There are 2 protein chains.
Amino acid sequence: MLHMSSDAESPLLSPVEGPPARVLNARGAGRGVLVCEHASRFIPAALSGLGLSPEAACSHAAWDIGAMDLAVELAGALDVPLVFSRISRLVYDCNRPPERADAMPAQSEIYTIPGNADLTPAQRAQRADAVYHPFRQLLSATLDTRAAPPVLVTLHSFTPVYQGRTRSVELGILHDSDDRAAQLLLTAAQGSGLRAALNEPYSATDGVTHTLREHAIARGLPNVMIEVRNDLIDTPAGVNRITGLLAPMLAGMIDTLAPSEAEA
Amino acid sequence: MLHMSSDAESPLLSPVEGPPARVLNARGAGRGVLVCEHASRFIPAALSGLGLSPEAACSHAAWDIGAMDLAVELAGALDVPLVFSRISRLVYDCNRPPERADAMPAQSEIYTIPGNADLTPAQRAQRADAVYHPFRQLLSATLDTRAAPPVLVTLHSFTPVYQGRTRSVELGILHDSDDRAAQLLLTAAQGSGLRAALNEPYSATDGVTHTLREHAIARGLPNVMIEVRNDLIDTPAGVNRITGLLAPMLAGMIDTLAPSEAEA
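Residues numbered from 1 in each chain as written. Chains lettered and ligands numbered in written order. Predicted model: local features only at pLDDT ≥ 70, side-chain atom pairs only at ≥ 80, totals over all residues. Heavy atoms only, no water.

1. Remarks on the sheet that holds strand 3 (residues 82–85) of chain B
Residue and element names in this part refer to chain B.
Then, number 1: One open sheet holds the 7 strands; their spatial order is 1-3-2-4-9-7-8, and the pairing between them is mixed. With one partner strand each, in any of the chains shown, strand 1 (21–24) and strand 8 (196–198) form the two edges of the open sheet. Neighbouring strand axes in the sheet, compared pairwise and without regard to direction, differ in orientation by 20° on average.
Then, number 2: Pairing of strand 1 with strand 3 involves 4 bridges; the strand directions are antiparallel. From the neighbouring strand, Leu24 faces strand 3, where its bridge partner is Leu82. (Pairing = 2+ DSSP bridges. Helix = DSSP H or I, 4+ residues; strand = E, 2+ residues; numbered from the N terminus. Axes fitted to C-alpha atoms, helices over the stretch in contact; angles between N-to-C directions.)

Pasting the structure below:
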């Protein structure tokens, strides 16, 4: 029988598969830090594809389609660091703490994830040790190196249809207890032509603001979670258009909340 | 009639489409600079898709499949700048000078490019002005800002089958008149498990070393052009595996040819 879950005694990631998270543009001069928790649909070979069909393994369940392409563009446009997970959220969802069942979901909206059924505590701990803790340590270390407090921005995408219902919102602007960045972006979005909404299609009550809480609110940093409908960023033309709309909105918000020394 | 070529009087790129080229990780501490000339299959809206079929527009003719994903990984792994074109090589191939016919090809291996047929001199000049000159100026400026002379590495991918012939080479290491970096990489590749070859599947005589000549050889910088077979980097698992193999090879080569001040 093929094992879809790894032996908790063996390494989850082989050396050639590289680290679970990476930072790009670490010395960027901008006063923001971007995060992409669901950047990749990569499943380490040790997990035998989690038993997923090819369709499920390439779907939104496995990653946020378009989010990393957008994040790379925005990191370049804003000259800010980008911290990203290199591992599918079906292996470990870096926007969830280890105690949450959906950190290693056995069921998505549509798909069952056979390799996540009945994980033992040792297997769950291995996933967190291999993926989540290195990710959060890299993000924490990246924030520590900034000369001045940055704005934290997390980048996500969502499906146009969820549980049979078409979503009309194009740009979701989500906040937890600190809505400074979200309110500025909502105002800026009004001239963008994008259908923007606060706390759509998810909100803090859905448990999606874990990164914001852990890394920004705990440090007093302004912060926001961006959700882009994935049909807007599933082609290079779409990514370029949304970058062109979002980059000045984010730059203006960052300038207001974390002005550069020359401007402060 | 739909115009597939733009009016040479109107802008080729709209403001929301953004700049033709970008740099990531501009302040990276590593002693290399990466270049990805064929990073994107994006065709500005003004060119009406160049009259391509959807298949052609997504094919290797339009971009180097996997090359940008690999480049982003390597820029992070090596902490070096990455300069990339955001425009399809069918609009303008940034690895070709404007006087070459294949800078704006009317025919690829398989596909005709209707929007490139019978371009006027004004249209050719517009393409070079909108895409090529900003790209080369950004690369040149990025090299100018480096504190010490870096190694220039260009990243490309190639199709597994070309004109009916299957290519067995997996990693092509190409050089122009300076083969220092190429020879070091060839030696390093011997332990990698990759089928590597010098000046395969192209070589300087095919005109593919334009970026090397213009930006590295003219400055006396060590340089090399990497070609990866695109079936090895068309999935996240493949990109991660090739990154894991290439990153230490490139790091070792860079350390030899452009040692850091502490090591020199």
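So much for the structure itself; the text now carries on.
2. Things to note about the packing of aromatic side chains
Residue and element names in this part refer to chain B.
Then, number 1: According to the stated counting rule, one finds 2 aromatic pairs over all chains in the structure shown.
Then, number 2: Their ring planes at 25° and their centres at 5.1 Å tell us that Tyr92 and Tyr132 sit as a pair that is stacked. On the criterion of sequence distance, the pair formed by Tyr92 in the loop between strand 3 and helix 3 (121–145) and Tyr132 in helix 3 is long-range, its members being 40 residues apart.
Then, number 3: A relative accessible area of 0% places Tyr92 in the buried class.
Then, number 4: A relative accessible area of 3% means that Tyr132 is categorised as buried. (Phe/Tyr/Trp six-rings, centres within 6.5 Å; stacked < 30°, edge-to-face > 60°. Buried < 20%, exposed > 50% of the residue type's maximum accessible area, 1.4 Å probe, protein only.)

3. Regarding the interface of chain B and chain A
Then, number 1: Opposite the 29 residues of chain B that make contact, chain A presents 29 residues.
Then, number 2: Across the chain B-chain A interface, the total number found is 6 salt bridges.
Then, number 3: Its salt-bridge partner being Arg22 of chain B, residue Glu73 of chain A comes within 2.7 Å of it at the nearest N-O pair.
Then, number 4: Joining chain B to chain A, the criterion identifies 9 residue pairs in polar contact (both at pLDDT 80 or more).
Then, number 5: Of all the elements in the fold, those that place two or more residues in the side of chain B that touches chain A are strand 1, helix 2 (67–78) and helix 6 (236–257) of chain B.
Then, number 6: The element best represented in the side of chain B that touches chain A is helix 6 of chain B, accounting for 7 residues.
Then, number 7: Split by residue class, the side of chain B that touches chain A holds 14 nonpolar, 7 polar and 8 charged. (Contact = heavy atoms within 4.5 Å. Salt bridge = Lys/Arg side-chain N within 4 Å of Asp/Glu carboxyl O. Polar contact = N/O pair within 3.5 Å; in protein donor to acceptor, adjacent residues only side chain to side chain. Nonpolar A, V, L, I, M, F, W, Y, C, P; charged D, E, K, R; others polar.)

4. A word on the sheet that holds strand 8 (residues 196–198) of chain A
Then, number 1: Ordered in space as 1-3-2-4-9-7-8 (chain A), the 7 strands form an open sheet in which the pairing is mixed. At either margin of the open sheet sits one strand with a lone partner, and together these are strand 1 (21–24) and strand 8 of chain A. Taken over all neighbouring pairs, the strand axes of this sheet differ in orientation by 20° on average, direction set aside.
Then, number 2: Contacting strand 1 and strand 3 (82–85) of chain A, helix 2 of chain B crosses the sheet at an angle of about 85° to strand 1 of chain A.

5. Description of the relation of the copies chain B and chain A
Then, number 1: Each copy of the sequence occupies a distinct position, and chain B is placed on chain A by a rotation of 180° and an axial shift of 0.0 Å, giving an RMSD of 0.0 Å. Both copies of the chain, as the preceding transformation shows, are related through a two-fold rotation axis. Minimal C-alpha separation from the rotation axis in chain B is found for Asn25 of chain B, amounting to 1.9 Å.
Then, number 2: In this assembly, 100% of the residues forming the interface of chain B have copies in chain A that are likewise at the interface, indicating an isologous arrangement. (Least-squares fit on C-alpha atoms with pLDDT ≥ 70 in both.)

6. Overview of the nonpolar core
Then, number 1: Leu82, Ile226 and Leu246 of chain A together with Leu82, Ile226 and Leu246 of chain B are the most contacted members of the largest nonpolar core, which totals 82 residues.
Then, number 2: In contact with Leu82 of chain A, other than residues within four places in its own chain, are Arg22, Val23, Leu24, Leu34, Val35, Cys36, Met68, Ala71, Val72 and Ala75 of chain A.
Then, number 3: With 44 residues, the next largest nonpolar core counts Phe42, Ala62, Cys94 and Tyr202 of chain B among its residues. (Core = buried A, V, L, I, M, F, W, Y, C linked by side-chain atoms within 4.5 Å.)

7. Details of helix 2 (residues 67–78) of chain A
Residue and element names in this part refer to chain A.
Then, number 1: Taking 1.5 Å of rise per residue, the 12 residues of helix 2 would be expected to cover 16 Å, and the 16 Å separating its terminal C-alpha atoms lies within 8% of that figure.
Then, number 2: By the burial criterion, the buried members of helix 2 are Ala67, Met68, Leu70, Ala71, Val72, Glu73, Leu74, Ala75, Gly76 and Leu78.
Then, number 3: Looking at the residues trailing helix 2, positive phi occurs at Asp79, about 55°. (Expected span 1.5 Å × (residues − 1).)

8. Some remarks on the pairing of strand 7 (residues 171–174) of chain B
All names here are of chain B.
Then, number 1: Burial along strand 7 is two-sided: the residues Leu171 and Ile173 and Gly172 and Leu174 are all buried.
Then, number 2: Here 3 bridges tie strand 7 to strand 8, and the two strands are oriented parallel to one another. Considered in strand 8, the bridge of Gly172 is made with Ala197.
Then, number 3: Viewed along the sheet, the connection from strand 7 through helix 4 (residues 180–189) into strand 8 turns out right-handed. (Right-handed = clockwise from strand over helix to strand, strands pointing away.)

9. Notes on the pattern of salt bridges
Then, number 1: Scanning all chains against the criterion turns up 26 salt bridges over all chains.
Then, number 2: Residues Arg89 of chain A and Asp64 of chain A are paired through a salt bridge, measuring 3.0 Å at the closest nitrogen-oxygen approach. Of the two residues, Arg89 of chain A is situated in the loop between strand 3 and helix 3 (121–145) and Asp64 of chain A in the loop between helix 1 (54–58) and helix 2; the sequence distance between them amounts to 25 residues. In this pair, the class of Arg89 of chain A matches that of Asp64 of chain A, namely buried.
Then, number 3: Between Glu73 of chain A and Arg86 of chain B there is a salt bridge, and its shortest N-O distance comes to 2.8 Å. Of this pair, Glu73 of chain A sits in helix 2 while Arg86 of chain B is found in the loop between strand 3 and helix 3, placing the two residues in two different chains. Considered together, Glu73 of chain A and Arg86 of chain B belong to a single accessibility category, that of buried residues.
Then, number 4: In the salt-bridge network here, residues are joined through shared partners; they are Asp93, Arg96, Arg100 and Asp102 of chain A.

10. A few points about the side chain of Thr209 of chain B
All names here are of chain B.
Then, number 1: Looking at where Thr209 falls in the secondary structure, it is placed in the loop between strand 8 and helix 5 (210–216).
Then, number 2: At a separation of 2.6 Å, a polar atom in the side chain of Thr209 contacts the side chain of Asp176.
Then, number 3: With sequence-adjacent residues up to four places away left out, Thr209 is seen in contact with Asn95, His175, Asp176 and Ala204.

11. Concerning the packing of helix 2 of chain B against helix 6 of chain B
All names here are of chain B.
Then, number 1: Where helix 2 contacts helix 6, the axes come no closer than 9 Å and their chain directions differ by 45°. The angle between helix 2 and helix 6 falls in the class oblique. With respect to the hand of their crossing, helix 2 and helix 6 are arranged in right-handed fashion. Across the interface between the two elements, Asp69, Leu70, Glu73, Leu74, Ala77 and Leu78 from helix 2 touch Val239, Asn240, Ile242, Thr243, Leu246, Ala247, Leu250, Ala251 and Ile254 from helix 6. (Parallel < 35°, antiparallel > 145°, perpendicular 65-115°, else oblique. Left-handed = near helix turned anticlockwise from the far one by under 90°.)

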